[in-house]
Amino acid sequence: KWVNREISNFDYLIQLNTMAGRTYNDLAQYPVFPWILRDYTSEELDLNNPAVFRDLSKPIGVVNEKNAKTVKEKYENFEDPLGMIDKFHYGTHYSNAAGVMHYLIRVEPFTTLHIQLQSGRFDCADRQFHSIPATWQALMDNPNDVKELIPEFFYFPEFLENQNGFNLGQLQMSKEVVNDVVLPKWAHSPEDFIYKHRKALESEYVSAHLHEWIDLIFGYKQRGPAAVEALNVFYYCTYEGAVDLDALTDEKERKALEGMINNFGQTPCQL
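Residues numbered from 1 in each chain as written. Predicted model: local features only at pLDDT ≥ 70, side-chain atom pairs only at ≥ 80, totals over all residues. Heavy atoms only, no water.

A few points about the overall build of the protein chain
The following threshold applies: Segments assigned H or I by DSSP are reported as helices when at least four residues long, segments assigned E as strands when at least two residues long, and all are numbered from the N terminus. Relative accessibility thresholds used throughout: buried, under 20% of the residue-type maximum; exposed, over 50%; partly exposed, between the two (1.4 Å probe, protein chains only). We call two residues in contact whenever any of their non-hydrogen atoms come within 4.5 Å of each other. With residues, only the protein chains shown are counted as cover, and all accessible areas are computed by Shrake-Rupley using a 1.4 Å probe. As used throughout, the charge tally considers Lys and Arg to be positive and Asp and Glu to be negative, leaving His and the chain termini uncounted. Working definition for charges: the position is that of NZ of Lys, CZ of Arg, CG of Asp or CD of Glu.
Broken down by element type, the protein chain carries nine helices and zero strands. Secondary structure elements of the protein chain, listed N to C terminal, follow the sequence α-α-α-α-α-α-α-α-α. For the protein chain, the spread of C-alpha atoms along the principal axes amounts to about 55 × 50 × 35 Å. Within the span of the protein chain, comprising 271 residues, buried residues form 48% of the whole. Pairs at least 24 apart in sequence give 68% of the contacts found in the protein chain among residues at least 6 apart. As presented, the protein chain carries roughly 13600 Å² of accessible surface, and 52% of it is formed by carbon and sulfur atoms. Where the 25 positive side-chain charges of the protein chain centre and where its 39 negative ones centre are 3 Å apart.

Put into structure tokens, the structure is as follows:
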């Protein structure tokens, strides 16, 4: 159906997420969507220009070419003295519970969940999700930040507004108060952002390249030699079947490992 253009890119991604065990009912395995644009500064968004789109064939951590060397070296130089932990490119993950709460902090029940995670208060303002252009810039500058998006970026304008008037603090450097999310210049309102962002998702360019990202997240570049070559290897615990929890007899060890898997991020089932 997708190949014949009978279902949208959005629908296709939701269905793949569902087949790979992702669900809105589990923050640790929330549906994962790609960053699809890289132009968050122009006054107008030109969807006919391929240069405004992110390279979907690369993991988000190395979309910026200059991060690739660091990521590669980290993998090649990693050695676990106990021989238990396999080499990996990224010590963090593109989809985890804290990341979902990070994006949805202005909307309940995620606000309360975030506060619980941060021991009863909001995290410091500089770490909050306060600007889409700044979030993208941070991804480009920092190979350790590899968050992809959640489906809400394509249909739910409310999460970009601080409608509940939460006091999210102010940024240290600029003293700017964190309130509604700062939008790209080309978006005139949260609704306008969602409309254009969804249009970008369904654009000709993304339709032609979406399968490259799907290979990385759900497909053959998710593990094995193809993943190594694509600079797409994550910490061993994130993969399905990497740890046999039932074989662990030590209750404490098992709990610790379960907690880690839940909080750290999980790679979807390979389709």
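As for helix α6 (residues 190-201)
Put simply, the rule is: Multiplying 1.5 Å by the helix residue count minus one yields the expected span of that helix.
Between its first and last C-alpha atoms α6 spans 16 Å; for 12 residues at 1.5 Å apiece the expected length is 16 Å, and the two agree. Of the positions making up α6, those classed as buried are Pro190, Asp192, Phe193, Ile194, Lys196, His197, Ala200 and Leu201. Elements that come into contact with the buried residues of α6 comprise α1 (9-19), α5 (132-141) and α7 (204-217).

Considerations on the UniProt feature "domain: BEACH" (unreviewed entry) in the protein chain
The line we're drawing: UniProt positions are given in the numbering used here, feature names are shortened, and annotations may be inferred rather than shown by experiment.
Residues given the UniProt feature "domain: BEACH" (unreviewed entry) here are residues 1-271. Helix makes up 35% of residues 1-271 and strand 0%, whereas the separation of the span's terminal C-alpha atoms amounts to 17 Å.

Some words on the nonpolar core
Just so we agree on the cut-off: Residues belong to a common nonpolar core when they are buried Ala, Val, Leu, Ile, Met, Phe, Trp, Tyr or Cys residues joined through side-chain atoms within 4.5 Å.
By size, the foremost hydrophobic cluster in this structure holds 72 residues, and its most contacted members are Trp35, Leu37, Ile132, Phe153, Leu160 and Phe193. Those elements that place two or more of their residues in this core are α1, α2 (65-77), α3 (97-103), α5, α6, α7 and α9 (251-264). Of all the elements, α7 adds the most residues to this core, at six residues. Residues in contact with Leu37, not counting those within four places in the same chain, are Leu45, Leu47, Val52, Phe53, Arg54, Trp136, Trp186, His197 and Ala200. Counting seven residues, the second-largest nonpolar core is a separate cluster that includes Ile105, Phe122, Leu171 and Val178.

Re the packing of α1 against α7
The relative placement of two packed helices comes down to the angle between their axes together with the axis-to-axis distance. We count it as follows: Axis definition: a line fitted to C-alpha atoms, over the contacting stretch in the case of helices. Angles run 0 to 180 degrees between N-to-C directions. For classification purposes, angles smaller than 35 degrees are called roughly parallel, those larger than 145 roughly antiparallel, those between 65 and 115 roughly perpendicular, and all remaining angles oblique. Crossing handedness is read from the near helix: turned anticlockwise from the far helix by less than a right angle, it gives a left-handed crossing, and turned clockwise, a right-handed one. The nonpolar class holds Ala, Val, Leu, Ile, Met, Phe, Trp, Tyr, Cys and Pro. Asp, Glu, Lys and Arg form the charged class, and all remaining residues, Gly among them, are polar.
Running from N to C, α1 and α7 cross one another at 15°; their axes reach a closest spacing of 11 Å. Compared by their axis directions, α1 and α7 come out roughly parallel. Where α1 crosses over α7, the handedness of that crossing is right-handed. Listed contacts from α7 to Asn9, Tyr12, Leu13 and Leu16 of α1 are Val206, Ser207, Leu210, Trp213 and Ile214. Among the residues forming the contact of α1 with α7, the class breakdown is seven nonpolar, two polar and no charged.

A closer look at the packing of aromatic side chains
Heads up, the condition is: For Phe, Tyr and Trp, where Trp contributes only its six-membered ring, two rings pair if their centres lie within 6.5 Å, and the inter-plane angle classes them as stacked under 30 degrees, edge-to-face over 60, or tilted in between. Both a distance and an angle decide whether a charge sits over a ring: NZ of Lys or CZ of Arg must be within 6 Å of the ring centre and within 35 degrees of the ring normal.
Evaluation of the coordinates by the stated rule reveals 27 aromatic pairs. Ring geometry for Phe78 and Phe88: centres 4.9 Å apart, planes at 55°, overall tilted. Taken together, the positions of Phe78 in the loop between α2 and α3 and Phe88 in the loop between α2 and α3 put the pair 10 residues apart, joining distant regions of the chain. Taking relative accessible area as the criterion, Phe78 reaches 23% and is therefore assigned partly exposed. With a centroid separation of 5.6 Å and an interplanar angle of 50°, the aromatic rings of Tyr235 and Phe264 are classed as tilted. Taken together, the residues Tyr235 in the loop between α8 (225-229) and α9 and Phe264 in helix α9 connect sequence positions 29 residues apart. Exposure remark for Tyr235: the relative accessible area of 16% places this residue in the buried category. Across from the ring centre of Tyr75, 6.0 Å away, lies the NZ or CZ of Lys87, which sits over that ring. Here the guanidinium or amino end of Arg198 rests over the ring plane of Phe10, the centre of that ring lying 4.2 Å away.

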